[in-house]
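Structural overview
One letter stands for each residue in the lines below.
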Amino acid sequence: MKNSTRIPLKTALIFFSLILPVFCVHSQDNAIRQKISMAAKNTEPKVINWRRDIHAHPELGNREVRTAALVAEHLKSLGMDVKTEVGVTG
């Protein structure tokens, strides 16, 4: 069996909530590319800190109360309407 690295779903959701807007840009304009690159570079430390924090506070599957709260809080800060406790901690 191969050894693979798997990213927890909630970690991936946090990451993609930050990165997805980058893929929605369809311009070849170099200035926009530079802005995107700078935004990604500025966001990287935040994502790394989230990952370290989540891994420093492990939770059992379907009991990720703390992690779910972190994700919900961030999504709300982005102006998203967040529904919590879907499927227990979703």
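Residues numbered from 1 in each chain as written. Predicted model: local features only at pLDDT ≥ 70, side-chain atom pairs only at ≥ 80, totals over all residues. Heavy atoms only, no water.

Some thoughts on the overall build of the protein
- Assigned secondary structure in the protein consists of three helices and zero strands.
- Here the protein, with 90 residues, has 19% of them falling under the buried criterion.
- In the protein, the proportion of contacts linking residues at least 24 apart, taken out of those at least 6 apart, comes to 56%. (Helix = DSSP H or I, 4+ residues; strand = E, 2+ residues; numbered from the N terminus. Buried < 20%, exposed > 50% of the residue type's maximum accessible area, 1.4 Å probe, protein only. Contact = heavy atoms within 4.5 Å.)

Structural notes on the pattern of salt bridges
- For the structure on display, the rule yields one salt bridge.
- Note that Asp53 and Arg66 form a salt bridge whose closest N and O atoms lie 3.0 Å from each other. In this pair, Asp53 is assigned in helix 2 (residues 30-56) and Arg66 in helix 3 (residues 65-77), connecting sequence segments 13 residues apart. (Salt bridge = Lys/Arg side-chain N within 4 Å of Asp/Glu carboxyl O.)

Details of unusual backbone geometry
- The phi torsion at Glu85 lies on the positive side, around 60°, for a residue other than glycine.
- Secondary-structure assignment places Glu85 in the segment after helix 3.
- A relative accessible area of 67% places Glu85 in the exposed class.
- With a phi close to 80°, Val88 is a non-glycine residue in the positive phi region.
- By relative accessible area, Val88 is classed as exposed at 52%.

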